[in-house]
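Examination of the molecular architecture
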Amino acid sequence: MTDRSTPTLLRYDPWLDLHENWPEVVVRIEPMPGRLLGELCYPVIALRAGTSYGQRRCTLTHEVVHLERGVRDCGPWLEREEWYVDREVAWRLLPIELLAPAIRNAGGVEDLTDIARQLDVDTDTLTMRLSLVTRAERARIRTGRVRDIWSVA
């Protein structure tokens, strides 16, 4: 029997999800205008060249969530859609079982870049997830004896 609490089993893989659930979608790495990190123009997802693994992982997850929600056209989306997708990305990539040990390893949330690097995400996704932490999750993190971790979150 597999131990489901093993962190590697909890880790969401957007490339695997795309392969299994959206095999017709092609991912391209290419230069992109402005600050854009990715774009969905079904059946193509473009990811910005020169970004980190964590940024690409978050951006691809973002575009997969759009696909799941039925969005297939490229272009700007309503702020509400982006807010919903950003929240879902944060929950999906950063379950408490992965987030709590990373915070404990870092000794708190003072160095978000270090925590994001540990978790292979970007700091925007980490910041979003920290804003969504529930009381129960905070208690779970505190059981790891991390002090004052919420002073900046």
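First, a word on what this report is: a plain description of the structure on this page. Remember, it's a predicted structure, so these values are computed and weren't measured experimentally.

What counts and what doesn't
Residues numbered from 1 in each chain as written. Predicted model: local features only at pLDDT ≥ 70, side-chain atom pairs only at ≥ 80, totals over all residues. Heavy atoms only, no water. Helix = DSSP H or I, 4+ residues; strand = E, 2+ residues; numbered from the N terminus. Buried < 20%, exposed > 50% of the residue type's maximum accessible area, 1.4 Å probe, protein only. Contact = heavy atoms within 4.5 Å. Areas by Shrake-Rupley, 256 points an atom, 1.4 Å probe, with all protein chains shown as cover. Salt bridge = Lys/Arg side-chain N within 4 Å of Asp/Glu carboxyl O. Pairing = 2+ DSSP bridges. Expected span 1.5 Å × (residues − 1). Polar contact = N/O pair within 3.5 Å; in protein donor to acceptor, adjacent residues only side chain to side chain. Axes fitted to C-alpha atoms, helices over the stretch in contact; angles between N-to-C directions.

1. What to know about the overall build of the chain
- Regarding its fold elements, the chain presents eight helices and three strands.
- Mapped from its N terminus to its C terminus, the chain presents α and β elements in the order α-α-β-β-β-α-α-α-α-α-α.
- Taking all 153 residues of the chain together, 41% fall into the buried category.
- Within the chain, contacts between residues at least 6 apart in sequence are counted, and of these 54% link residues at least 24 apart.
- When the accessible surface of the chain is summed, it comes to about 9200 Å², and 50% of that surface belongs to carbon and sulfur atoms.

2. A closer look at the pattern of salt bridges
- All told, the structure shown has seven salt bridges when counted by the stated rule.
- In this structure, R92 and D17 form a salt bridge, with 3.9 Å as the shortest nitrogen-oxygen distance. Taken together, the positions of R92 in helix 4 (residues 79–93) and D17 in helix 2 (residues 14–21) put the pair 75 residues apart, joining distant regions of the chain.
- Judged by relative accessible area, R92 falls into the buried class, the value being 17%.
- Overall, D17 belongs to the buried group, its relative accessible area being 11%.
- Note that R92 is salt-bridged to E68, the shortest N-O span being 2.8 Å. Here the residue R92 occupies a position in helix 4, and E68 occupies one in helix 3 (residues 53–68), the gap between them amounting to 24 residues.
- Judged by relative accessible area, E68 falls into the partly exposed class, the value being 40%.
- Here the residues in one salt-bridge network are D17, E68, E88 and R92, joined through shared partners.

3. Section: the pairing of strand 3 (residues 44–48)
- The buried count for strand 3 comes to five of five residues, which makes it a mostly enclosed element.
- The two faces of strand 3 match: V44, A46 and R48 on one face and I45 and L47 on the other face are all buried.
- Both strand 1 (residues 26–30) and strand 3 contribute to a ladder of five bridges, which runs parallel. Along strand 3, the bridge assignment pairs I29 with L47.
- Counting the residues that bridge the hairpin from strand 2 (residues 38–41) to strand 3 gives two residues.

4. What about helix 4?
- Across its 15 residues, helix 4 extends 21 Å between first and last C-alpha, which sits within 8% of the 21 Å expected from 1.5 Å per residue.
- Restricting attention to buried positions, one finds in helix 4 the residues E81, V85, E88, V89, A90, R92 and L93.

5. Things to note about the side chain of H66
- Among the secondary structure elements, H66 is positioned in helix 3.
- Looking at H66, the relative accessible area reads 2%, which means it is buried.
- Of note is the side chain of H66, whose polar atom sits 3.1 Å from the side chain of E81.
- Polar side-chain contacts of H66 include one of 3.1 Å to the side chain of E82.

6. A few points about the sheet that holds strand 2
- The sheet built from three strands is open, its strands ordered 1-3-2 with mixed pairing. Each edge of the open sheet is held by one strand with a lone partner, namely strand 1 and strand 2. Strand-to-strand twist of the sheet, defined as the mean angle between neighbouring strand axes without regard to direction, takes the value 20 degrees.
- Along the sheet face, helix 3 touches strand 1, strand 2 and strand 3 and points at about 155 degrees away from the line of strand 3.

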